[in-house]
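Each chain, letter by letter, is given below.
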Amino acid sequence: MATYNQKIYEPVPKPLPDYYAEIASRTRWNKDNPPNIVFAIGTARTGTTASLNVFKGSKAQDSEGQTYDIPVAYQHFKAGLRHAMLGWKENPNWEFQIPNAPVYYMKDTVGPYTAKESEYNPLKVFEQMGYPMDKIFPVFFYSDPLDSFASWIDKWSSIVPRETLFDNFIIAANTLLEIKNEVEVKGIPHATFLYETIRDNTPNEAALSLFKKVNQTISVTDNKKIVPTENTTENWDRLDQEGWKPNQPAMYEIPRIDRSVHHDAKTKTSWEFKIKTAEKLATIILPSEVKRLEDAGIPQIYNEFKLGAQRTLGLPIDELRSFEAIKEVFTRQSFEGIPQRNQTRR
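Below or above, wherever it landed, is the structure these notes cover. These numbers were taken from a predicted model, which means no experiment stands behind them. (Residues numbered from 1 in each chain as written. Predicted model: local features only at pLDDT ≥ 70, side-chain atom pairs only at ≥ 80, totals over all residues. Heavy atoms only, no water.)

A separate point is the overall build of the chain. Scanning the chain from terminus to terminus reveals 14 helices and ten strands. Relative to the globule expectation of 20 Å for 346 residues, the C-alpha radius of gyration of the chain, 20 Å, shows essentially globular dimensions. Its C-alpha atoms give the chain principal-axis dimensions of about 70 × 45 × 40 Å. In the chain, which comprises 346 residues, the proportion classed as buried is 56%. In the chain, of all internal contacts separated by at least 6 residues, the share reaching a separation of at least 24 is 83%. A total accessible area of about 15000 Å² is found for the chain, and carbon and sulfur atoms account for 48% of it. Distance from the positive charge centre (43 side chains) to the negative charge centre (45 side chains) of the chain: 3 Å. (Helix = DSSP H or I, 4+ residues; strand = E, 2+ residues; numbered from the N terminus. Rg over C-alpha atoms; globule rule 2.2 N^0.38 Å. Buried < 20%, exposed > 50% of the residue type's maximum accessible area, 1.4 Å probe, protein only. Contact = heavy atoms within 4.5 Å. Areas by Shrake-Rupley, 256 points an atom, 1.4 Å probe, with all protein chains shown as cover. Lys, Arg positive; Asp, Glu negative; His and termini not counted. Charge placed at Lys NZ, Arg CZ, Asp CG, Glu CD.)

Let us look at the pattern of salt bridges. One pass over the structure, following the stated rule, counts 25 salt bridges. Between Lys-124 and Glu-127 there is a salt bridge, and its shortest N-O distance comes to 3.6 Å. Of the two residues, Lys-124 and Glu-127 both sit in helix 5 (residues 123-129), three residues apart, roughly one turn of that helix. Its relative accessible area of 36% is what places Glu-127 among the partly exposed residues. Where Glu-127 meets Lys-186, a salt bridge forms, and the shortest distance between an N and an O atom there is 2.8 Å. Of this pair, Glu-127 sits in helix 5 while Lys-186 sits in the loop between helix 7 (162-185) and strand 9 (191-194), and the two are 59 residues apart along the sequence. The class for Lys-186 is partly exposed, based on a relative accessible area of 45%. When salt bridges that share partners are traced, they join Lys-124, Glu-127, Glu-182 and Lys-186 into one network. (Salt bridge = Lys/Arg side-chain N within 4 Å of Asp/Glu carboxyl O.)

Time to look at helix 13 (residues 298-313). Taking 1.5 Å per residue as the helical rise, helix 13 with its 16 residues ought to reach 22 Å, and the 22 Å between its terminal C-alpha atoms agrees with that figure. Residues Ile-298, Pro-299, Ile-301, Tyr-302, Phe-305, Lys-306, Gly-308, Ala-309, Thr-312 and Leu-313 constitute the buried set of helix 13. (Expected span 1.5 Å × (residues − 1).)

Attention now goes to the sheet that holds strand 4 (residues 67-69). Taken together, the three strands give an open sheet; going across it, the order is 4-3-10, and neighbouring strands pair in antiparallel fashion. The two strands at the open ends of the sheet, each matched to only one other strand, are strand 4 and strand 10 (224-227). Each neighbouring strand pair of the sheet contributes to a mean axis angle of 35°, computed without reference to strand direction. (Pairing = 2+ DSSP bridges. Axes fitted to C-alpha atoms, helices over the stretch in contact; angles between N-to-C directions.)

On to the side chain of Asn-36. On the secondary structure map, Asn-36 appears in strand 2 (residues 36-43). Within the structure, the side chain of Asn-36 is placed 2.8 Å from the side chain of Asp-222, a separation counted as a polar contact. (Polar contact = N/O pair within 3.5 Å; in protein donor to acceptor, adjacent residues only side chain to side chain.)

For the rest of this paragraph, the subject is the pairing of strand 3 (residues 59-62). Pairing of strand 3 with strand 4, which is carried by three bridges, proceeds in the antiparallel orientation. Bridging across to strand 4, Ala-60 finds its partner in Tyr-68. In sequence, strand 3 turns back onto strand 4 through a hairpin of four residues, with Gly-65 there showing a positive phi of about 90°. As defined by bridge partners, strand 3 adjoins strand 10 across four bridges and the pair is classed as antiparallel. In the strand pairing of strand 10, Lys-59 is matched with Val-227.

Look at the link from Gly-111 to Pro-112: it is a cis peptide, with omega at 5°. Relative to the helices and strands, Pro-112 is located in the loop between strand 7 (103-110) and helix 4 (115-118). Its identity as a non-glycine residue notwithstanding, Gln-75 has a phi of 55°, on the positive side. Of note, the phi angle at Asn-223 is positive, near 55°, even though the residue is not glycine. Along the chain, Asn-223 falls in the loop between helix 9 (203-222) and strand 10. Looking at Asn-223, the relative accessible area reads 49%, which means it is partly exposed.

If you want it as structure tokens, here you go:
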């Protein structure tokens, strides 16, 4: 791996609020009739990309029964953040247009490359824009943290040092929880979605429960609702995925990483639960990292999101078991004389 230098990503550091203001000034929207925006926020590798298919495959319906397509957007604000951190040098004319649509679905993620990306709150961009917050419905995505962290290592450790990824992972989890807590304090209607929801319930049940929660708000504020179709949780090969990706700096456009990160969302034909076994996790995550994640309170953060998902979706979700499961694997390996990997790999 080439020497990691954070200045590559942000040559001249600025406070995040400055970047939010720059992104907001380059975002165009209909101030006379702003669309309802369902805005998904999660730490990277928690199922947000697959959720684009869920909404792309569904419809918005007005009070007269007329249905409309739901356009979707993949991390456009974060693309703006990345351009802003580089001084807009690659694309001085970068802009983002929020389309005129009854309902628009956007997703964004926190992390993984830098601490600044891991402290990033995309909702602040809307505040800088003056976008009416009663038109924004945040959905917070989270998933089993060991599976998610293993994906960070698997996907990005060839670019970003393992220890930096670890630190950013902790920062991102806490950032997401802070954003959620802030939304709750402000009384903004929202939902929490745990990836494990589709493990412990059918995908259709999960989608309908999420739509019900969203509809409780947008049906009151704008006489709109989201309705499922035969393409909501399956038949995803019928969906057009053109135009998803935003314009972002070339340094983030790494084909092998892009294929690895987005392969499942782009090739799956249905919404399905897929997670690494404890044995597989034990080949990626170090015993010392498991302990440090526990010490940092990551299982407790997961439980916060689990309770939020159960409360907002009204669906059962099983307890987090991956930490105990991976420790059982480590214990078995030790008993069988398999050497433990105690030092940090790069």
